[in-house]
Amino acid sequence: MRKFFNFSFIFTSFLILMLLLTKMYVNKFSEQYFISDGYQHSSLYQEDAISYFKVSDKITHDISEGKKIYSSGGEYKFSFLYPRIIYFFNKFFNSEEKIIDNNKLKINLKKYNLFLYFQIIFFYLKILFLYFSLLKIISKSLSKIVCVILLINPIIFQWHLSFYTESFFLSFLILLICFLTRSKNILNFFFIGLFVGIM
């Protein structure tokens, strides 16, 4: 019975469950389409996601013209990091294929299911890092409770199923907390400030 309360068992079980639920979610909604501003797109993409896709495509265009990754993408209006994560995903998995097709009037990020899986795995790895960081300052049982609550929270899980910034933001926020618990000198806080600025 004790193994069911073992953190590694809980962690692995919920990770597998979340990946399976994501697969079911994608299979159910990926073929349902909407039309926004004349462009057909999957119901998985929300208005903010389409804005990030536009910036990602512009980053691809700007870099092809010789701009650097940090100066590409046009005017900085919302998230700096998230469109660039989408850009790198599209670069490595889709060979920089345009997400917004102006000829076919379609919006489609190919292999987007892998992107959602990546968001979940990235978050769970940060929870694991948090668990070991908390063990250094609080008890094992309390560390387990904190991390399990984060793992099973349905409000947090819904962000992993979308193309909003919240999934990565929560992951980086957890990473920031881990850095704060491990920081030894003032220079560490300087790098933490830079990290927050990129987020």
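Here is a short report on the structure shown in this document. Since the model is a prediction, treat every value here as computed from it, not as a measurement.

The next thing to look at is the packing of aromatic side chains. Taken as a whole, this structure holds 18 aromatic pairs when the rule is applied. Ring plane angle 80° and centroid distance 5.2 Å describe the contact between Phe-89 and Phe-115, whose orientation is recorded as edge-to-face. One end of the pair, Phe-89, is in helix H3 (residues 81–94); the other, Phe-115, is in helix H4 (residues 112–134), and 26 residues separate them in sequence. In terms of burial, Phe-89 and Phe-115 fall into one category: buried. Taken together, the aromatic side chains of Tyr-52, Tyr-82, Phe-89, Phe-93, Phe-115, Phe-118, Phe-122, Phe-168 and Phe-172 make up a single cluster linked through ring pairs. Its end group placed over the ring of Phe-122, Lys-126 keeps NZ or CZ at 4.0 Å from the ring centre.

The subject of this paragraph is the sheet that holds strand S1 (residues 33–36). Across the sheet, 4 strands lie side by side as S1-S2-S4-S3; this open sheet has mixed pairing. Where the open sheet ends on each side, the last strands, each with one partner, are S1 and strand S3 (100–101). Across 2 bridges, S3 lies against strand S4 (residues 106–107) in antiparallel orientation. For Asp-101, the partnering residue across the bridge sits in S4 and is Lys-106.

Here we come to the environment of Tyr-124. Mapped onto the fold, Tyr-124 is located in helix H4. A relative accessible area of 1% means that Tyr-124 is categorised as buried. The spacing of Tyr-124 and Leu-151 is 27 residues in sequence and 7.6 Å in space, taken between C-alpha atoms.

Let us look at H3. Compared with the 20 Å implied by 1.5 Å per residue over 14 residues, the 19 Å span of H3 between its first and last C-alpha is a close match. Check the buried side of H3 and you find it contacts helix H2 (47–64), H4 and helix H7 (166–182). Following H3 by one or two positions, Ser-95 adopts a phi angle in the positive range, close to 55°.

Our focus in this paragraph is the side chain of Asp-57. Tracing the sequence through the fold places Asp-57 in helix H2. The charged side chain of Asp-57 is buried without a salt bridge, its nearest counter-charge being Lys-98 at 5.0 Å. Ignoring any residue separated from it by four or fewer positions in sequence, one finds Asp-57 in contact with Lys-98, Ile-99 and Ile-100.

Attention now moves to a nonpolar patch on the surface. Taken together, the side chains of Ile-137, Ile-138, Leu-142, Ile-145, Val-146 and Ile-149 present a nonpolar region at the surface, about 490 Å² in accessible area. Along the chain, Ile-138 falls in the loop between H4 and helix H5 (140–152). Relative accessible area serves as the criterion here: at 30%, Ile-138 is assigned to the partly exposed category.

Backbone geometry places Lys-111, a non-glycine residue, at a positive phi of 60°. With respect to the helices, strands and loops of the structure, Lys-111 is situated in the loop between S4 and H4. Here Lys-111 falls in the partly exposed class, since its relative accessible area comes to 44%.

What follows concerns the pairing of strand S2 (residues 39–42). The pairing of S1 with S2 spans 4 bridges and is antiparallel. Bridge assignment links Ile-35 to a residue of S2, and that residue is Gln-40. Where S1 folds back onto S2 in an antiparallel hairpin, the turn is made up of 2 residues, including Asp-37, whose phi is positive at roughly 55°. Pairing of S2 with S4, which is carried by 2 bridges, proceeds in the parallel orientation. Of the residues in S4, the one forming a bridge with His-41 is Ile-107.

Rules and cut-offs
- Residues numbered from 1 in each chain as written.
- Predicted model: local features only at pLDDT ≥ 70, side-chain atom pairs only at ≥ 80, totals over all residues.
- Heavy atoms only, no water.
- Phe/Tyr/Trp six-rings, centres within 6.5 Å; stacked < 30°, edge-to-face > 60°.
- Helix = DSSP H or I, 4+ residues; strand = E, 2+ residues; numbered from the N terminus.
- Buried < 20%, exposed > 50% of the residue type's maximum accessible area, 1.4 Å probe, protein only.
- Lys NZ or Arg CZ within 6 Å of the ring centre and 35° of its normal.
- Pairing = 2+ DSSP bridges.
- Expected span 1.5 Å × (residues − 1).
- Contact = heavy atoms within 4.5 Å.
- Lys, Arg positive; Asp, Glu negative; His and termini not counted.
- Salt bridge = Lys/Arg side-chain N within 4 Å of Asp/Glu carboxyl O.
- Patch = residues over 30% accessible without salt bridge, like charges linked within 9 Å, V, L, I, M, F, W, Y side chains within 5 Å.
- Areas by Shrake-Rupley, 256 points an atom, 1.4 Å probe, with all protein chains shown as cover.

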